[in-house]
Amino acid sequence: MPQSQPQDAQASAAAPKRQLTLFDSTCIIVGIIIGAGIYRSSPDIARSVPGAGWLMVAWLLGGLLSLIGALCYAELATAYPEEGGDYVYLNRSFGSWVGFLFAWSQLWIVRPGSIGGIAFVFAEYANQIWPQAQGPQATYVLIAYAVVPIIVLTLINILGVPEGKWTQNILTTIKVLGLLAILLVGFLYATPAKSLAQPATAPQPFDLQAFGMAMVFVLWTYGGWNEMAFVSAEVRDPNKNILRALLLGTVAVAAIYLLVTGAFLHALGFEAMRSPALAADVLRLGIGDWAARAISLLICLSCLGVINGQIFTGARIYYAMGRDHRLYAWLGRWNARLGTPVASLTIQLLITVALVVWFGSTTRGFERMIIFTTPAFWFFLVLVGLSVFVLRYREPATPRPFRTTFYPVTPILFCLSSAFMVYSSLSYAIHQSSWEALLAVAILLSGVVMIYFNRPRRARSHAA
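Read on for an overview of the structure.

Rules behind the numbers
- Here, residues in each chain are numbered from 1, in the same order as that chain's written sequence.
- Restriction of local features to residues with pLDDT of at least 70 applies here, the model being predicted, together with a cutoff of 80 or more for giving and counting side-chain atom pairs; totals for whole chains, interfaces and linings are based on all residues.
- Note that the side-chain values use all heavy atoms of the structure and ignore hydrogens as well as water.
- Comment: elements are numbered from the N terminus, with helices defined as DSSP H or I runs of at least four residues and strands as E runs of at least two.
- Buried means the residue's accessible area, taken with a 1.4 Å probe over protein chains only, is under 20% of the maximum for its type, while exposed means over 50%, and partly exposed covers the values in between.
- We call two residues in contact when some of their heavy atoms are within 4.5 Å.
- For every accessible area listed, the method is Shrake-Rupley and the probe measures 1.4 Å; residues are considered covered only by the protein chains on display.
- Here, a salt bridge means any side-chain nitrogen of Lys or Arg that lies within 4 Å of a carboxyl oxygen of Asp or Glu.
- For each structure, a 1 Å grid was placed over the protein atoms alone; sets of points admitting a 1.4 Å probe that cannot get out are labelled cavities, open sets with protein on both sides within 12 Å along at least five of seven lines are labelled pockets, and lining residues have an atom within 4 Å of a point.
- Grid points are joined across faces, edges and corners, and a volume is the space filled by probe spheres set on the points.
- Polarity classes work like this: nonpolar for Ala, Val, Leu, Ile, Met, Phe, Trp, Tyr, Cys and Pro, charged for Asp, Glu, Lys and Arg, and polar for all others, with Gly in that last group.
- Multiplying 1.5 Å by the residue count of a helix minus one yields the expected span of that helix.
- The term bend refers to the angle at a residue between two fitted axes, each drawn through seven residues, those ending there and those starting there.
- Patch construction takes residues with relative accessible area above 30% that form no salt bridge. Like charges are linked within 9 Å, and nonpolar side chains (Val, Leu, Ile, Met, Phe, Trp, Tyr) are linked within 5 Å.
- Definition of nonpolar core: a set of buried residues of the types Ala, Val, Leu, Ile, Met, Phe, Trp, Tyr and Cys, connected through side-chain atoms within 4.5 Å.
- Here the aromatic set is Phe, Tyr and Trp, taking the six-membered ring for Trp, and pairing holds for ring centres within 6.5 Å; pairs whose planes are under 30 degrees apart are stacked, those over 60 apart are edge-to-face, and all others are tilted.
- Either the NZ atom of lysine or the CZ atom of arginine qualifies as a charge over a ring when it sits within 6 Å of the ring centre and within 35 degrees of the ring normal.

1. With respect to the overall build of the protein chain
Piece 1. In terms of helices and strands, the protein chain carries 17 helices and zero strands.
Piece 2. Relative to its full complement of 464 residues, the protein chain shows a buried share of 57%.
Piece 3. Here the contacts in the protein chain between residues at least 6 apart in sequence split such that 83% fall between residues at least 24 apart.
Piece 4. For the protein chain, the exposed area adds up to about 19,600 Å²; of that, 68% sits on carbon and sulfur atoms.

Listed below in structure tokens is the structure:
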């Protein structure tokens, strides 16, 4: 035992430091949520609702459901401000095997799939700025476009938290300014066709199934507000700033999405919102025909913000798993010199690049990535919602600086909306005969098998 004390002292010294301010934390949330989703999903949402009123209702409902989720996370994150977020809550609520399975799914499915999916969007729009993907080599060029930002941003995050957080802050600020430009043009200009008298179109009847599909796209576009929990151990004054960042980030994004949708409607009208070139159509009104390149640049910068934020937060999950499980102890090392989980960032990079190359070798890389990740992501959000109930019952003495507003209605609504997303994603995969969803299920099952080869690295004081 004489050697254990120096090792323990070194391990405690090489640990996360509270260096993220409220602005840094809010930028992480806003930066992850606002990516290419508002540009890519808006036409699909418009095609799934009967009119402009229902379009605004869908975005407002998505914001409310995200706010409900943020309130649940605020209670959990302030009560347990540890590195790992969902992993910590699931460990405490349902045991180490559920926490292990969550981290397993994040390592092999959710995180690399999410990062890779956005990287494919970056590649598509980067190719519009600098067209290189032509002819038989097009697939390989797009893969290269997708891989390069993942590698570069991972290296930046390995260098240290200040570099990673300032990169996130700058990218988030740029993308918000870009959206403000769209708002300005959208509310100041309108297409000539919109100002002319148009024959009235028959109103479409409300279709619950179609509206449900619209909500799938809406909630995917709002996805990322829960990422704050993964870095809660690095937030200054967590009792106040975690709650503030969750609420500020979620409300700010909801307001931006509603305003941008309003700008789209004002500039183009509802029917034109179903155009895939929606954002470019709006900017063309104010800046001319080179709007396509301008919007491509904006979307690329937005994608970089999402990729950087997910790289930053995702590695913290594997770090937490490595602290608890001997099989992954090498992931639980915090580099004292750089102040980052280097091993976790590296394995995340390797798995993500491998999936990008694999999925990118076929068509529709982005869609395949989303199908691959969605069921597992929302399944574990259902369990996180249940954790609010379980932890209040099992650990009533734990200080809770914030208690979820309107409990128990709030976590119930959160669980129901998350379960609906699981159902919708699996239903889509089944109807589309998607092998990607089956692959994700197989990986989850392999994680169940790995539980039997793994023993907890250390006992938790809170274990029942």
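2. Digging into the pattern of salt bridges
Piece 1. Counted by the stated rule, this structure contains five salt bridges.
Piece 2. Between Arg400 and Glu75 there is a salt bridge whose closest N-O contact spans 3.4 Å. Within this pair, whereas Arg400 is found in the loop between helix H15 (365-394) and helix H16 (409-431), its partner Glu75 is found in helix H4 (residues 52-79), the two being separated by 325 residues in sequence.
Piece 3. Glu75 sits in the buried class, given a relative accessible area of 1%.
Piece 4. Where Arg92 meets Glu395, a salt bridge forms, and the shortest distance between an N and an O atom there is 3.2 Å. Placement of Arg92 in helix H5 (residues 86-94) and of Glu395 in the loop between H15 and H16 is noted, with a sequence separation of 303 residues between them.
Piece 5. When salt bridges that share partners are traced, they join Glu75, Arg392 and Arg400 into one network.

3. A word on empty space enclosed by the protein
Piece 1. A full pass over the atoms with the stated rule returns one cavity of 30 Å³ or more.
Piece 2. Estimated volume of the largest cavity: approximately 60 Å³.
Piece 3. Taken together, Leu65, Ser66, Leu219, Trp225, Trp378, Phe414 and Ser417 make up the lining of the largest cavity.
Piece 4. For the lining of the largest cavity, the residue count by class is five nonpolar, two polar and no charged.

4. Considerations on helix H6 (residues 96-129)
Piece 1. The end-to-end C-alpha distance of H6 is 47 Å, a good match for the 50 Å that 34 residues give at a rise of 1.5 Å each.
Piece 2. The sharpest bend along H6 reaches about 55° and sits at Gln106.
Piece 3. With 28 of 34 residues buried, H6 is to be regarded as a mostly interior element.

5. Structural notes on a nonpolar patch on the surface
Piece 1. A surface patch of nonpolar side chains, amounting to about 650 Å² of accessible area, comprises Val441, Leu445, Val448, Val449, Tyr452 and Phe453.
Piece 2. Relative to the elements of secondary structure, Val449 occurs in helix H17 (residues 435-451).
Piece 3. Look at Val449 and you get partly exposed, because its relative accessible area is 45%.

6. Looking at the nonpolar core
Piece 1. If you look at the biggest cluster of nonpolar residues, it comprises 129 residues, and the most contacted ones within it are Tyr39, Ile182 and Ile295.
Piece 2. For this core, the leading source of residues is H6, giving 18 residues.
Piece 3. Those residues within four positions of Ile295 in sequence are excluded, and the remaining contacts are Tyr39, Ile182, Ala279, Ala280 and Leu283.

7. Looking at the packing of aromatic side chains
Piece 1. The tally for this structure, following the rule as stated, stands at 16 aromatic pairs.
Piece 2. Residues Phe100 and Tyr328 carry aromatic rings whose centres are separated by 5.9 Å and whose planes lie at 45° to one another, so their mutual orientation is tilted. In this pair, Phe100 is assigned in helix H6 and Tyr328 in the loop between helix H13 (291-324) and helix H14 (342-360), connecting sequence segments 228 residues apart. Comparing Phe100 with Tyr328 shows no difference in burial state: the two are buried.
Piece 3. Counting every residue linked through ring pairs, the aromatic cluster contains Phe100, Trp104, Trp108 and Tyr328.
Piece 4. Arg392 extends its terminal NZ or CZ atom over the ring of Tyr407, reaching a point 3.8 Å from the ring centre.

8. Remarks on the environment of Leu247
Piece 1. Summarising the element assignment, Leu247 is placed in helix H11 (residues 238-268).
Piece 2. Among the residues examined, Leu247 registers a relative accessible area of 27% and is labelled partly exposed.
Piece 3. Leu247 sits 173 residues away from Ala74 along the chain, and the two C-alpha atoms are 8.5 Å apart.
Piece 4. If near-sequence neighbours (up to four positions away) are discounted, Leu247 is found in contact with Leu67 and Leu71.

9. A short note on unusual backbone geometry
Piece 1. Following Tyr407, the chain continues to Pro408 via a peptide bond in cis, the omega torsion being 5°.
Piece 2. Mapped onto the elements, Pro408 comes out in the loop between H15 and H16.
Piece 3. The backbone of Phe406 sits at a positive phi, close to 60°, despite the residue not being glycine.
Piece 4. Relative to the assigned elements, Phe406 resides in the loop between H15 and H16.
Piece 5. Among the residues examined, Phe406 registers a relative accessible area of 66% and is labelled exposed.

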